[in-house]
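Structural features, examined
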Amino acid sequence: MARFLIRSLTSTIVTMLLVSITLFFLLEVGSGDITLKLLGVFTTEAQRASYRKQLGLDRPAWLRYVDWLAGTDWQVAKLLDRPLVVVSNPQTGEPEWWMSMDGELVRFKMENGEMIKLVRLPNGSADPQPVEVTWTTDEFGNQVFWGVDSRNNAAKWVHGGGEVIYVRSKTGFSQVPEGPVEYVPLRRGLIRGDPGFSLQFGRPVATMLLPRLRNTLILAGAAFLVVMPLALLLGVLAGVNEGKPLDRIISITSLGATATPEFVTGIFLILIFGIWLKWLPAVAVFLTPNAIFDNPKLLILPVLTLTAVELGYVARMTRASMVEVMSMAYIRTAIIKGMPRRRVVLNHAMRNALMAPITIIMLHVNWLIGGVVVVEVIFGYPGLGKYIYDAAIFGDYNAVEAAAMLTVLIAVATRLIGDLAYTYLNPRIRYA
Amino acid sequence: MTDLQVIDRSAPPVLKIEDLAVAYKVRGGEIEAVQNVSFEIHRGESHGIVGESGCGKSTVAWAIVNFLGENGYVKRGSIKFQGQDLVEKRGEELRKLRGDQIAMVYQDPMQALNPSMKLGDQLKEVLKVHRGLSDEEAHQRSVDMLGRVYMPDPENVMERYPHQISGGQQQRVVIAMALLNNPALLIMDEPTTALDVTVEAAVLDLISELRRDFDTAIMYITHNMGVVARVTSTVGVMYAGEMVERGPVQEIFARPQHPYTQGLLRAIPRLGTEKSTSVLYPIRGRVPPPDQRPSGCIFSPRCDYVRERCRVERPLLRQIQGTNMQVRCHFSEEIDPAQWRPSEDIELPVPQQAGKASEPILELQGLRKYYEVHGNTLKDVLGLGQKRYVKAVEDATFSVPKGKTLGIVGESGCGKSTLIKTIVGLESATDGKGRYLGFDITQNISKRDLGLIKELQMVFQNPDSTMNPSYPVGVQIERPLRRFKTVPKDQVRAEVVRLLNAMRLSEAYYDRLPRQLSGGEKQRVGIARALASHPDLVLCDEPVSALDVSVQAAILNLLIDLQQEFNTTLLFIAHDLSVVRFFSDYVAVMYLGQVMDIGPAEAIYLPPYHPYTEALLSAVPIPDPTAQQKRIRLEGTVPSAINPPSGCRFHTRCPRRALLPDPSICTTTPPWREAGNGHRIFCHHTIETLRNLDPVITT
Amino acid sequence: MATTTVEGLKSAASARATFWARLRQGLGIVFESRVATVGLAIALFWLLIAFVSLFWTPYPPNAQMFGQNLPPNSVNWLGTDHMGRDLVSRLMAGTQVILLKTRVPVGDKTIPIPVGVALWGVIGSLAFGTLLGVNAAYRGGTTDQVSMQVLDALIAFPQIVLYLVVISALGQGDLVVILAITVTGAPGVARLARSLTLDIKTRDYVRAAETRGESKWFIMLREILPNARGPLLVDAMLRVGYAIFAIGTLGFLGIGLPPPDPDWGSMVNEARRYIFSSPWSVIWPSLAIASLVISLNLFADGLREELARYQK
């Protein structure tokens with residue numbers, strides 16, 4: 001059993017690593033010039049190059065993978081002469097990087113070839129003050145200084161005059177005359193829970209993702225709770241009555257339900273309940289972030305759509321497993337022992353028959369997530385699926401990576417739970 | 001039955017079957033699997049049903065418990081159990097009989113027990129459901145019953161799952177489960193077929209004992225004539241869905257009346273016979289499928305005494321005057337088995353006196369094969385634990401002369417298959433020397449020369465998997481010819497046809513697919529494929545054990561013939577000691593990876609014995625109810641090959657250990673003792689001690 | 001040599017005969033099952049539509065020649081879409097990219113090659129998955145562990161997420177959709193192939209090939225694969241259904257097969273905005289896609305059931 005569990009666990013970790021590598025290189029290396037999309041076609045190549053630098057895109061791909069996965073703060077720690085601190089901005093609630101210097105939190109900018117420190121005030125804004133910094137000499141003989149700039153980068157300034165850089169802000173795209181010459185965007189890395197900033201919105205992905213995740217969990221959880229008992233019951237009923245009319249009805253209906261794409265089911269549900277009967281809202285419009293709690297009706301159609309596909313699948317799995325178990329020699333033994341049919345089904349067949357579906361159901365969670373994407377898009381439901389979809393359409397790969405890793409994590413974790421459940425249910429493994 | 005007991009035949013029988021016919025609905029019609037079966041079983045009687053595969057034995061059993069599946073039904077006849085008609089029984093009434101009045105024991109106990117339910121729960125529910133006992137009472141009764149079937153540590157077993165106990169113990173649990181309600185009828189369907197011979201012997205002892213004590217009527221289904229002789233009092237012989245003969249077991253063996261029974265007994269080797277002095281006679285032809293049965297006597301196409309009447313009129317089961325025998329034959333009084341001569345269309349080998357032993361072709365010295373195993377504890381997974389090995393073959397040392405046969409016997413897990421796999425190169429040896437005509441054979445096939453590979457070929461056990469279902473026969477025999485370039489390309493087909501003919505198969509088989517062949521025919525093709533490269537050493541891994549006895553005889557004859565013709569050397573694995581004795585010039589007995597006893601075949605079966613050989617011989621079911629056999633039973637189960645007992649691997653179970661002056665010597669490695677004529681015994685006992693053991697079998 | 005040629009011809013003839021015999025036998029099995037027959041009939045109906053649409057549709061499928069969002073009428077049997085295009089013609093033409101043609105960009109032109117995107121995708125995953133699965137199972141040990149680990153990683157991706165990722169990285173296009181279907185389908189095929197191989201490799205005929213010293217590839221391709229073919233093909237039938245399902249979903253998400261050829265999923269996507277006023281242009285392609293996927297499922301399901309009964 002220890003072997004089995006440890007194998008599952010290692011396999012899970014290796015899987016996540018492989019997934020992260022695939023995801024990162026496919027997206028970051030496969031995508032074209034993101035700055036073109038962000039800044040528009042009317043920008044010059046020089047402007048885009050400068051912006052690429054600020055995003056850290058000039059660093060080699062493998063290094064960016066390490067940055068993304070494990071963060072950059074520890075990499076730049078030896079360049080900076082003061083420790084890094086993360087504090088949350090009281091206005092936006094988003095985390096920001098500062099340097100701790102003589103009891104103050106500071107960031108830097110350059111004016112007239114000299115460094116200016118920006119001291120953090122309690123309300124989160126910054127107060128520029130002149131400062132004496134220690135310049136060091138690099139291999140080319142330049143006097144350089146590493147500090148944190150006001151856009152969460154570790155940056156290198158050259159004494160006496162910076163480069164012309166182009167900065168993107170909420171108001172637009174502007175030119176800054178004395179910018180740093182080198183950037184390392186600061187992040188703690190995915191494994192420490194920091195997926196970085198959204199390229200599209202410039203805000204931390206994590207803060208945007210969490211409410212979405214909550215919405216999705218509610219949606220998927222509700223579907224799961226409807227599906228499981230119902231599907232297992234239908235599957236067992238069909239399996240026990242193999243070949244009889246009840247089995248035929250359940251089997252064909254569930255086959256129809258699984259084989260119909262979610263968007264078709266969704267469209268028909270909208271047509272019937274939303275447009276013709278007008279019983280339920282046809283789209284999930286979230287006027288406030290907590291709209292689902294105020295108006296649970298919003299959930300009904302999305303949950304029904306998800307349920308239709310899943311119900312069929314799980315019911316079919318359970319039926320197949322039940323049919324197989326009912327043909328086993330030990331079921332024959334139980335019948336010849338004169339056990340009542342109820343007892344044969346409940347005590348002898350059920351436990352063995354549910355072992356296979358439970359693992360498969362857990363494996364199937366990533367199918368459910370796929371369904372979630374479609375359902376959220378149909379109903380405009382602001383969840384994880386719609387987030388990935390929007391980010392992928394825009395090409396915001398930072399956001400796609402984070403959200404995709406999250407879905408993979410959910411899928412892998414449920415699979416692990418499935419393995420555990422199987423181990424628990426199957427005495428042959430439990431007592432091996 | 002050696003222990004005769006009085007059966008009261010005046011009382012009404014427990015089970016009375018009359019003119020039973022069972023049919024299965026299939027695609028486009030139905031098949032009568034069983035027809036015209038009639039017999040009765042009394043209290044305390046053990047009624048054997050014997051016959052080859054597909055003759056409908058099990059179908060009769062399923063018909064009795066009314067479990068014929070969706071498509072099966074009783075078409076004609078009646079099944080009366082204690083006067084009530086079972087055929088009409090349905091629902092609750094039937095359920096209350098099953099498991100209470102009628103119980104059943106099956107072939108494969110591992111399959112018959114629910115893998116995810118504790119054994120105790122599976123036992124207790126029988127009492128709870130049928131007798132309404134409380135949990136405590138049911139528990140106590142179950143524990144008692146487990147003790148009654150000699151299950152060690154019953155309390156503990158109640159808490160265990162099926163996979164945690166051995167096959168023999170599982171079968172004891174199933175038997176205990178069947179006996180809990182003291183049923184009037186106990187149906188046993190090949191209960192020992194899946195078990196090893198020493199375990200089988202102990203279970204058979206148990207069955208005989210229980211029959212005496214419980215006074216139950218037993219219906220015992222088996223294909224093994226030896227088992228029939230040991231546990232039944234009355235026997236019904238079935239052939240192609242019909243019961244062809246029925247009578248007391250002694251008479252069936254002494255004076256079989258039906259030509260089929262006679263043929264069956266001529267086809268099996270008796271323990272002690274050998275190929276140089278006797279011949280096995282297969283029954284010609286094959287069992288007709290249910291939809292192609294002849295209209296007259298069902299056995300007529302294969303019968304040596306067939307007359308016109310047999311072809312047109314189906315005989316009835318009738319009493320032979322002045323005997324207790326019933327037979328389904330028009331002419332049985334006119335048949336004298338002593339006058340029987342084999343018909344001309346079956347080919348038989350001519351018994352040949354063994355020639356002088358020639359140069360050894362295969363020599364092994366201290367050959368070892370270990371497999372690394374992975375533990376399941378945390379330590380093992382992290383690689384911190386000690387490396388452990390399954391010691392599958394330990395120190396195999398012997399040589400085989402050219403043109404001779406070495407038989408290897410032993411129970412499952414004794415390493416006999418690993419040994420020949422290592423020789424043929426499917427595994428590489430861990431240690432030791434192995435030479436084939438001076439060439440090293442300790443490497444596996446990928447490192448062997450093509451010329452060496454073609455010299456060592458194998459014949460496999462299972463006819464259904466020996467051939468690739470996707471290719472016709474010709475293609476499969478061609479492949480080795482092409483690969484080893486045995487003949488020029490343009491003669492390949494001619495060579496295949498020649499090989500087919502040598503297997504007594506016509507050219508028509510060239511384009512047939514395996515699924516169109518019978519088991520025996522597939523096995524012939526398997527032999528042809530092995531012989532295509534003209535190997536000098538053929539390794540046979542239980543080539544006949546999956547075959548029916550009449551087919552088995554034909555395959556053995558074929559092998560004998562081929563060996564004489566090509567002077568091939570054979571290594572022959574089998575678990576049937578009579579077959580090995582019959583077929584081999586030399587025999588090696590293996591236990592837990594170690595060769596224990598090796599020598600000329602006739603020497604192995606007489607004292608001096610290795611104590612393990614002695615136990616094996618006393619366990620073999622002998623197809624002769626009058627034979628006297630010593631009763632030596634091994635205690636416990638075979639130890640794990642990962643951690644075998646030190647010194648003599650057999651010492652933990654050795655029944656002769658007490659004869660040693662100092663039994664503690666057993667934990668040291670025993671010496672090889674020479675018993676003369678090349679017979680060597682791996683034992684601490686002196687040859688004199690072993691020579692003084694009584695012979696196991698006296699007839 | 002003359003004899004071998006004659007024999008060669010003879011065996012070719014007998015092979016052909018067995019092919020027809022097998023086909024007849026196969027169809028016999030299909031017709032035994034009502035479910036499979038219905039499935040086959042619907043699937044063949046769509047295949048027929050696809051072939052007809054190559055030569056004839058009521059109107060050109062991309063021509064905006066009618067009123068917008070018309071309900072079914074005598075001119076436009078199923079109505080028109082929001083751009084005034086005939087729905088019958090578009091539905092018919094929509095079968096082509098799935099079943100009959102794949103548009104391959106060569107230079108700055110696109111050239112259609114035979115066999116549709118769904119089928120190529122399944123062929124790809126079948127080839128890739130089978131090879132991986134058979135190889136992993138037959139060789140065992142480290143090869144098996146590594147292969148399974150890679151597959152685990154692929155399976156861990158929710159399929160649609162993988163599609164989104166692949167398409168956002170590589171852009172839209174028929175070949176990208178084929179690649180996406182291949183990559184998402186291969187793990188399932190590989191698992192099936194692996195479990196079949198694990199069973200088949202214990203058979204004695206594989207042992208026999210090994211004792212002949214055959215190469216590993218010979219054993220995998222000649223001894224094992226032919227016996228795993230049946231279940232793999234039935235599974236592939238189901239996978240064609242899944243692939244059409246996936247193409248529809250991608251089309252619906254607006255990232256599927258690129259224009260100009262109509263594609264059912266995209267049709268639903270475009271018409272979705274007008275669902276409140278004119279549901280027809282959403283209903284028809286939805287029904288079409290559901291019926292095709294369900295029919296393939298019914299066919300494969302019935303076939304599998306009958307085969308299992310046949311082998312008993």
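Residue indices follow the written sequence of each chain, beginning from 1 at its first position. Working convention: letters from A go to chains and numbers from 1 go to ligands, in the order in which they are written. Only residues with pLDDT of at least 70 get local features here, since the model is predicted, and only at 80 or more are side-chain atom pairs given and counted; chain-wide, interface and lining totals rely on the full set of residues. Neither water nor hydrogens contribute to the side-chain values; these are computed over all heavy atoms in the structure.

Attention now goes to the overall build of chain C. From N to C terminus, chain C includes eleven helices and two strands. Each helix is a run of H or I in the DSSP string that is no shorter than four residues. Each strand is a run of E no shorter than two, and both are numbered from the N terminus. Walking chain C from its N terminus toward its C terminus, one meets helices and strands in the order α-α-α-β-β-α-α-α-α-α-α-α-α. For chain C, the spread of C-alpha atoms along the three principal axes comes to 75 × 45 × 40 Å. Expressed as a percentage of its 312 residues, the buried residues of chain C come to 54%. Contact definition: two residues touch when any of their heavy atoms are within 4.5 Å. Considering only contacts within chain C whose residues lie at least 6 apart along the sequence, 63% involve residues at least 24 apart. Throughout this description, buried means an accessible area under 20% of the type-specific maximum (1.4 Å probe, protein chains only), exposed means over 50%, and partly exposed covers the range between.

What follows is about the overall build of chain A. Scanning chain A from N- to C-terminus turns up 16 helices and eleven strands. Computation of the radius of gyration draws on C-alpha atoms, with the globule rule given as 2.2 Å multiplied by the number of residues to the power 0.38. In summary, chain A has a C-alpha radius of gyration of 28 Å against a globular reference of 22 Å for 432 residues, an excess of more than 25%. The C-alpha extent of chain A, read off along each of the three principal axes, is 95 × 60 × 40 Å. For chain A, the residues scored as buried account for 54% of the 432 residues in total.

To continue, consider the domain arrangement of chain A. By the assigned domains, chain A splits into domain 1 (46-70 + 72-186) and domain 2 (205-425). Domain ranges listed in this record stem from an automatic or a database domain assignment. Taking only C-alpha atoms, the centre of domain 1 of chain A and the centre of domain 2 of chain A are 47 Å apart.

All right, on to the interface of chain C and chain B then. Each partner contributes to the interface: chain C provides 19 residues, whereas chain B provides 24 residues. Accessible area, probed at 1.4 Å, shrinks when two parts are joined; the buried area is that loss added up over both. Interface of chain C and chain B: buried area, both sides summed, is about 2000 Å²; carbon and sulfur atoms make up 53% of it. Interface area lost by chain C to chain B is led by C:Asp204, C:Thr211 and C:Arg212, which between them contribute 33%. We define a salt bridge as a side-chain nitrogen of Lys or Arg found within 4 Å of a carboxyl oxygen belonging to Asp or Glu. Our count for the chain C to chain B interface comes out at two salt bridges. B:Arg483 is paired through a salt bridge with C:Glu214; the nearest N and O atoms lie 3.8 Å apart. Polar contact is the term for a pair of N or O atoms within 3.5 Å; when the atoms are in protein, one must be able to donate a hydrogen and the other to accept it, and sequence-neighboring residues count only if both atoms are side-chain atoms. Here chain C is connected to chain B by eleven residue pairs in polar contact (both at pLDDT 80 or more).

So, about the domain arrangement of chain C. Accessible area lost when the parts come together is the quantity often used to give the size of an interface. Residue and element names in this part refer to chain C. For chain C, the assigned domains read domain 1 (32-115 + 259-312) and domain 2 (123-250). Placing the centre of domain 1 and that of domain 2 at their C-alpha centroids yields a distance of 28 Å. With 18 residues of domain 1 at the contact, the number on the domain 2 side is twelve residues. Counting the surface lost from both domain 1 and domain 2, the interface buries some 1400 Å², and carbon and sulfur atoms represent 78% of this.

Our next topic: the interface of chain A and chain C. Taken residue by residue, the interface counts 50 residues in chain A and 43 residues in chain C. Summed over both sides, the interface of chain A with chain C buries roughly 4100 Å², with 77% coming from carbon and sulfur. When residues of chain A are sorted by the area they lose upon contact with chain C, A:Leu255, A:Phe263 and A:Ile267 head the list and together hold 14% of the total. Counting every contact that joins chain A to chain C gives three salt bridges.

Residues and elements named next belong to chain B. For strand β1 (residues 15-26) and strand β4 (residues 72-81), the ladder comprises eight bridges, and the chain directions are antiparallel. Along β4, the bridge assignment pairs isoleucine 17 with isoleucine 79. With two bridges joining them, β4 and strand β5 (residues 84-85) adopt antiparallel strand pairing. Note on β5: the bridge partner recorded for lysine 80 is aspartate 85. Once β4 ends, the chain turns through two residues before running back antiparallel as β5, passing glutamine 82 with a positive phi of about 50°. Two strands pair under a simple rule: DSSP has to find at least two bridges between them.

To continue, consider the sheet that holds strand β7 (residues 143-148) of chain A. Residues and elements named next belong to chain A. Read from one edge of the open sheet, four strands run β6-β7-β8-β11, paired in antiparallel fashion. Here the strands that pair on one side only, and so sit at the sheet edges, are β6 (136-137) and β11 (182-185). Direction of pairing for β6 relative to β7: antiparallel, over a ladder of two bridges. Directly across from threonine 137, in β7, lies its bridge partner glutamine 143.

Residues and elements named next belong to chain B. Both site types are read off a 1 Å grid over the protein atoms alone. A 1.4 Å probe that fits but cannot get out defines a cavity, while an open set with protein on both sides within 12 Å along at least five of seven lines defines a pocket; lining residues have an atom within 4 Å of a point. Grid points are joined across faces, edges and corners, and a volume is the space filled by probe spheres set on the points. In total, this model carries eleven cavities of 30 Å³ or more according to the counting rule given. Reported here for the largest cavity is a volume of approximately 140 Å³. Lining the largest cavity are 15 residues, with Gly263, Arg266, Ile283, Asp304 and Trp340 sitting closest to its centre. For the lining of the largest cavity, the residue count by class is nine nonpolar, two polar and four charged. Taken as a whole, the second largest cavity holds about 90 Å³ of empty space. His258, Pro259, Cys297, Phe299, Cys303, Tyr305, Cys310, Arg328, Cys329, His330, Phe331 and Ile335 together form the lining of the second largest cavity. Just so you know the grouping, Ala, Val, Leu, Ile, Met, Phe, Trp, Tyr, Cys and Pro go in nonpolar, Asp, Glu, Lys and Arg go in charged, and all remaining residues, Gly too, go in polar. Here the lining of the second largest cavity is composed, by residue class, of nine nonpolar, two polar and one charged.

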